[in-house]
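Per-entry structural report
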Amino acid sequence: MPEIPRRLALVAAVAGGGLIGVQGRINGELATRSGSPLEAAAASFVIGLIMLAVIVPFRRAGWARLRSGRTAIWWWFGGLGGAFFLATSAHGVPEVGVALVSVCLVAGTTTGALLSDEFGLGPSGRHAPTFWRIVGVIVVIVAVVIGAFGDRHGTFKPLLFLLLFSAGASTAAQQAANGQLRGVADDVIIAAFISFVGGTTALIVAVLAAGELSVRSLPTSAWLYLGGPIGVAYILIGASMVSVLGVLRFVLGVVAGQLVVAVVIDSAWPAPGITLRATTVIGAIVTVAGVWLSGRDADETAAESA
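What this report covers is the structure whose coordinates are included nearby.

**Examining the packing of aromatic side chains**
The final tally for this structure, using the stated rule, is 5 aromatic pairs. Between Trp63 and Phe193 the ring centres are 6.3 Å apart and the planes differ by 85 degrees, which places this aromatic pair in the edge-to-face class. You can see Trp63 sitting in helix α3 (residues 60-68) and its partner Phe193 sitting in helix α8 (residues 188-210), a full 130 residues away along the chain. With a centroid separation of 6.5 Å and an interplanar angle of 35 degrees, the aromatic rings of Tyr234 and Phe250 are classed as tilted. Here Tyr234 is found in helix α9 (residues 227-245), whereas its partner Phe250 is found in helix α10 (residues 247-268), with 16 residues between them in sequence. What makes Tyr234 buried here is its relative accessible area of 9%. On the accessibility criterion, Phe250 (1% relative accessible area) is buried. The residue whose ring lies beneath Arg25 is Trp269, and the NZ or CZ to ring-centre distance is 4.3 Å.

**So, the packing of α9 against α10**
Two numbers describe how α9 lies on α10: the axes approach to 8 Å, and their chain directions differ by 130 degrees. Judged on the interaxial angle alone, α10 and α9 are oblique. For the crossing formed where α9 meets α10, the hand is right-handed. Taking contact as the criterion, the partners of Tyr234, Ile237, Gly238, Met241, Val242 and Leu245 in α9 are, on α10, Val247, Arg249, Phe250 and Val254.

**Points about the packing of helix α4 (residues 78-96) against α8**
Look at α4 against α8: their axes get within 7 Å of each other, and the N-to-C directions meet at 55 degrees. Put simply, α4 runs oblique to α8. You can see that α4 and α8 cross each other, and the crossing is right-handed. Residues Gly78, Gly79, Leu80, Ala83 and Ala87 of α4 form the contact with α8, whose own contacting residues are Ser195, Gly198, Gly199, Ala202 and Leu203. The residue makeup of the contact of α4 with α8, split by class, is 5 nonpolar, 5 polar and no charged.

**Things to note about a nonpolar patch on the surface**
Side chains of Ile73, Trp76, Phe77 and Leu80 sit close together on the surface and give an oily, nonpolar patch of about 420 Å² of accessible area. With respect to the helices and strands, the residue Ile73 is situated in the loop between α3 and α4.

**Some details on the pattern of salt bridges**
Overall, the coordinates contain 3 salt bridges when judged by the stated rule. Across the pair Arg25 and Glu29 runs a salt bridge, and its minimum N-O distance is 3.0 Å. On the criterion of helical spacing, the pair formed by Arg25 and Glu29 is a turn pair, its members being 4 residues apart in helix α1 (residues 6-34). Here the two residues Arg25 and Glu29 agree in accessibility, since each one is buried. Two residues, Arg33 and Glu29, come together in a salt bridge whose shortest N-O distance is 2.9 Å. You can see Arg33 and its partner Glu29 sitting in helix α1, 4 residues apart, about one turn around the helix.

Thresholds applied
Residues numbered from 1 in each chain as written. Predicted model: local features only at pLDDT ≥ 70, side-chain atom pairs only at ≥ 80, totals over all residues. Heavy atoms only, no water. Phe/Tyr/Trp six-rings, centres within 6.5 Å; stacked < 30°, edge-to-face > 60°. Helix = DSSP H or I, 4+ residues; strand = E, 2+ residues; numbered from the N terminus. Buried < 20%, exposed > 50% of the residue type's maximum accessible area, 1.4 Å probe, protein only. Lys NZ or Arg CZ within 6 Å of the ring centre and 35° of its normal. Axes fitted to C-alpha atoms, helices over the stretch in contact; angles between N-to-C directions. Parallel < 35°, antiparallel > 145°, perpendicular 65-115°, else oblique. Left-handed = near helix turned anticlockwise from the far one by under 90°. Contact = heavy atoms within 4.5 Å. Nonpolar A, V, L, I, M, F, W, Y, C, P; charged D, E, K, R; others polar. Patch = residues over 30% accessible without salt bridge, like charges linked within 9 Å, V, L, I, M, F, W, Y side chains within 5 Å. Areas by Shrake-Rupley, 256 points an atom, 1.4 Å probe, with all protein chains shown as cover. Salt bridge = Lys/Arg side-chain N within 4 Å of Asp/Glu carboxyl O.

In structure tokens, the structure reads:
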């Protein structure tokens, strides 16, 4: 396959981040109307899986490469991170809004990306945790504290913020796993399908275990189920671009799109009872600053190699 230009890959990552913000708002609305964040996330994953299942049987060459290639066991379970991310987001958006959820997720994703690059989990190999990367992660964690401080008299929920942070970290590992599978199969559709199989299975088991399976409770408005197709688009972007940009640099682009769209959504289309607070906006700005700092080394390396 021809090499994707780095700038184009970064634009795609930014677009993918914007999709996450939109998906979070839609799934949050679905969770509110159905009364079950788990069921909302499962519905989104099932729709995405069905879409990919229609295409996957025709990707024979990719399956052959995957069978004959060497893979690590954990690569096959990246979808679990996506399931955790989606279910936690669907629960968090109605509680604290898209913007604050995004700040918490971004802090976790940036931290997870730093660790993924440190341990060489992504297809681009190991990247040492340099001074600027560590500073950037500290700054985005401070941004979460700023956002939480603004909600201390209203929706301050430490456990929810911790879950969102963890969900963000899990999605960094998911991107690394999907990128590895895509590299072996040389097929982004197959990597996305495997991710959706794992995520769908985990969510269905969770819904059954919680006793929340009630198809009749799901609303009938078609737009509430656009989270599935959006999730497919994001997974395809991630599996394709993470091998070009590396886990951390891919996350930088995603963060830029995610936070901008999240603030716009909470301004123009907030969840019921959610008001965009000044501290949330400040937290988003601080997060962008932290992400920029964490990417300084990547920018300098790219400039040196140009």
